[in-house]
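# Architecture at a glance
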Amino acid sequence: MGDVAMTVPVIRAFVEQNPDVKITFVSRPFFKPFFAGIPNVDFFAVDVKERHKGFSGLLKLYSDLKRLNIDAVADLHNVLRSQVVRSLFALSGKKVAATDKGRAEKSALTRPEDKTFEPIKTMVERHADTFKKLGFTIDLSNPKFPRKANLSSEILKITGEKSNQKWIGIAPFAQYDSKVYPQDLMQEVINKLASDTNNKIFLFGGGNKEVEILNSFAKGKDNVINIAGKIKLPQELDLISNLDVMLSMDSGNAHIAAMLGTKVITLWGATHPYAGFAPFNQPLENCLVSDREKYPKLPTSVYGNKKVVGYEDAMRTISVEKVVNKVLSV
């Protein structure tokens, strides 16, 4: 989810700066709402379960896309499936380019010894470079974001009208445990923020286990609302666009909020914003990282999928007070 969200600011900038070019964005149908309202962008939904499944499906995908008279292909995913389709277009004489994911730089940043601890180019910048390889100009220095969405009655039944309260989103989960702030500490963060009735907190997540945890976070607090499973993605995007701030792990919710122009605070455990996945257009000081003096091997991986013995409690070095104060200051 985060990978797709990081392409959205690039697509927005591209179509604004190249108004005579039409984009066909090819991805899973779930992500279509990300691109709603962006001019000159059509969304092509890939059917990975049936028509476009397997290698023969990739040939059908190429055939389907070829009918759209595409002039050039920007492969922003650069995995085996997209490489196959890209190569077929290249063989047909079309201009193609792919995003360089910077694997060597990421490896140097995350290796346990002799690290090169310095920020590398962000994925958003790398995607912009892909369009430049195709001969287009694109500048991300002055990004524009969509207006805050008008909330439907369906959403307002859950959220209530926004008055003078500050709306705070909290997305406390991530794909890997090494990127998740400890549950007891997150409960303290929520308790402290909820103690001020001028704050209204919305909890984001999904799946039965996560819903259960979110319900426990919200228990007994009128100004803490678990929205998981209550609204669909388009409505969720509308709500996120109306938040005053989103507190997230290094996860897709951070990138979704950033693509909408919402202020984002992120908490980092095994991973680090230097690896190129800091939310777009957000100050680095909004990325709260674990203590590298106590845990010098951090970051231990790019995605948080590598477990390092003794590093399980690294995120406990990000204090509750630090998180709360950052949310309130932003």
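The rules behind each value
Residues numbered from 1 in each chain as written. Predicted model: local features only at pLDDT ≥ 70, side-chain atom pairs only at ≥ 80, totals over all residues. Heavy atoms only, no water. Phe/Tyr/Trp six-rings, centres within 6.5 Å; stacked < 30°, edge-to-face > 60°. Helix = DSSP H or I, 4+ residues; strand = E, 2+ residues; numbered from the N terminus. Buried < 20%, exposed > 50% of the residue type's maximum accessible area, 1.4 Å probe, protein only. Contact = heavy atoms within 4.5 Å. Salt bridge = Lys/Arg side-chain N within 4 Å of Asp/Glu carboxyl O. Pairing = 2+ DSSP bridges. Right-handed = clockwise from strand over helix to strand, strands pointing away.

What follows deals with the packing of aromatic side chains. This model, assessed by the stated rule, comprises 13 aromatic pairs. Consider the rings of F25 and F43, whose centres lie 6.3 Å apart with planes at 20°: the pair is stacked. Taken as a pair, F25 in strand β1 (residues 23-27) and F43 in strand β2 (residues 41-45) lie far apart in primary sequence, 18 residues in all. We classify F43 as buried; its relative accessible area is 18%. For the ring pair F35 and F43, a centre distance of 6.0 Å and an interplane angle of 35° mean the geometry is tilted. With respect to class, F35 is no different from F43; both count as buried.

This next bit is on the side chain of S27. Looking at the element boundaries, S27 is found in strand β1. Exposure remark for S27: the relative accessible area of 12% places this residue in the buried category. Among all residues touching S27, those that are not within four sequence positions of it are V4, F43, F44, A45 and V46.

Here V96 is to be found in strand β4 (residues 95-98). Each C-alpha atom, one on V96 and one on D71, is 9.0 Å from the other, the two residues being 25 residues apart in sequence. Among residues more than four places away in sequence, those in contact with V96 are V73, R86, F89, A90 and L134.

With that out of the way, let us pick up the pattern of salt bridges. Counting across every chain of the model gives 12 salt bridges. Note that D250 is salt-bridged to K179, the shortest N-O span being 3.8 Å. Here the residue D250 occupies a position in the loop between β8 (245-249) and α11 (252-259), and K179 occupies one in the loop between β5 (166-171) and α8 (183-194), the gap between them amounting to 71 residues. Take D250 and K179: they sit in the same class, and that class is buried.

With that settled, the discussion passes to the pairing of β8. The buried count for β8 comes to five of five residues, which makes it a mostly enclosed element. Neither face of β8 is left uncovered, since the one carrying V245, L247 and M249 and the one carrying M246 and S248 both have all their residues buried. By the bridge criterion, four bridges tie β5 to β8 in an arrangement that is parallel. Looking at β8, one finds that A171 is bridged to S248. In this structure, β8 lies alongside strand β9 (residues 264-268), joined through four bridges in parallel fashion. Residue pairing for β9: M249 is matched across the bridge by L267. Crossover connection from β8 via α11 to parallel β9: handedness right-handed.

Relative to the assigned elements, N164 resides in the loop between α7 (153-159) and β5. Taking the C-alpha atoms as reference points, N164 and L134, 30 residues apart in sequence, are found 47 Å from one another.

Judged by which residues are buried, β1 turns out to be one-sided: I23, F25 and S27 face inward and are buried, whereas T24 and V26, on the alternate face, are not. Both β1 and β2 contribute to a ladder of five bridges, which runs parallel. Along β2, the bridge assignment pairs I23 with V41.

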